[in-house]
Amino acid sequence: MGKISVETCHIEGLKVITPQVFGDARGYFMETYNYNDYKEAGIDQVFVQDNQSASKKGVLRGLHFQINYPQDKLVRAIRGEVFDVAVDLRPGSKTYGQWYGVLLSEENKKQFFIPKNFAHGFVVLSDYAEFAYKCTDFYHPNDEGGLAWSDPQIGVEWPIPEGMELTLSDKDKKWGSFAEFTESRNK
C-alpha cells in the first residue's frame, strides 16, 4: 500500500485515512483518492457523486443520512478544521447508537470513511472551512433523515469552545431523537 495509512476505529467499518504527502519548497502534492489503494485498504466502493461545502466558524451540519438510498462517504476538510462525527445506525450492530468523531483539517489532511447506514455531521472549528466528500449513491432530497445533533442518548462530545455560537439550518434544528428514530424503524 504505502500511499495511504488506515486507522480502524472501535466502530467496525469506520476508517481514518492519512494520505502520503510529498512536500518541498514549492508546496505539496498528494493523491486524494486512488481506487487501487483504497480497495487494498478494504474500501472497495464506487463513488458516483462528489460534494463540497463552505461554512463559517460554528456551523454545525447534521446528523444526516438517507433512508432508502444509504450512502458510503469519504469526507475531508480542504480548508480549515472540522470535527466530523458518524453515528452507527446499522440494525443489529453491536455498536448501534454509538458515535465516533475525528478532527479533519487542511493541516492533517486526514480523510474519514463512513459506511452506509451511519448518520453523519460536522461542526466547523476554524474561522472558515471547505469540506468535500465522495458518495456511493446520489442525493435524494425526498429521502433525507436526521437525528438531533445534541441528543443526550447518543451523547456526541462536540468540542465546541465556550462562547462559540452555533449556526444550524432550520431542518437541523428539527430532527428527532435517536429513541424516536429507533421506534419508527421497529414499526
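Scroll up to find the structure this text is about.
Residues numbered from 1 in each chain as written. Predicted model: local features only at pLDDT ≥ 70, side-chain atom pairs only at ≥ 80, totals over all residues. Heavy atoms only, no water.

Some thoughts on helix 3 (residues 178–185)
Every buried residue of helix 3 is accounted for by Phe178, Phe181 and Thr182. One face of helix 3 carries all of its buried residues, which in axial projection span an arc of 95 degrees. Across helix 3 from its buried face, at more than 90 degrees, point the exposed residues Glu180 and Glu183. For helix 3, the secondary structure elements touched by its buried residues are strand 6 (60–66). (Buried < 20%, exposed > 50% of the residue type's maximum accessible area, 1.4 Å probe, protein only. Helix = DSSP H or I, 4+ residues; strand = E, 2+ residues; numbered from the N terminus. Arc of directions from axis to C-beta. Contact = heavy atoms within 4.5 Å.)

Comments concerning the pairing of strand 11 (residues 118–124)
With respect to burial, strand 11 is a largely interior element, seven of its seven residues being buried. What you see with strand 11 is no split at all: Phe118, His120, Phe122 and Val124 on one side and Ala119, Gly121 and Val123 on the other are buried throughout. In this structure, strand 6 lies alongside strand 11, joined through three bridges in antiparallel fashion. Each residue of the ladder has a partner; that of Leu60, found in strand 11, is Val123. In terms of strand pairing, strand 8 (residues 81–88) meets strand 11 through seven bridges, oriented antiparallel. Counted as the bridge partner of Asp84 is Phe122 from strand 11. (Pairing = 2+ DSSP bridges.)

Focus: the pattern of salt bridges
Tallied over the entire structure, the rule returns six salt bridges. Among the ionic pairs, Glu31 bridges to Lys3, the shortest N-O distance being 3.6 Å. On the criterion of sequence distance, the pair formed by Glu31 in the loop between strand 4 (27–29) and helix 1 (35–40) and Lys3 in the segment before strand 1 (4–8) is long-range, its members being 28 residues apart. Taking the relative accessible area as the measure of exposure, Lys3 reaches 38% and is therefore partly exposed. The salt bridge involving Asp24 is made with Arg26; its shortest N-O contact spans 2.6 Å. Given the relative accessible area of 77%, Arg26 is considered exposed. (Salt bridge = Lys/Arg side-chain N within 4 Å of Asp/Glu carboxyl O.)

What to know about the packing of aromatic side chains
Scanning all chains against the criterion turns up 11 aromatic pairs. A ring pair is formed by Phe83 and Trp99, whose centres lie 6.5 Å apart and whose planes are at 70 degrees; its orientation type is edge-to-face. Linking Phe83 in strand 8 with Trp99 in strand 9 (residues 99–105), this pair joins segments that are 16 residues apart in sequence. Looking at Phe83, the relative accessible area reads 11%, which means it is buried. Both rings, one in Phe122 and one in Phe131, keep their centres 4.0 Å apart while their planes meet at 25 degrees; by these two values the pair is stacked. Over the ring of Tyr33 we find Lys134, and its NZ or CZ is 5.2 Å from the ring centre. (Phe/Tyr/Trp six-rings, centres within 6.5 Å; stacked < 30°, edge-to-face > 60°. Lys NZ or Arg CZ within 6 Å of the ring centre and 35° of its normal.)

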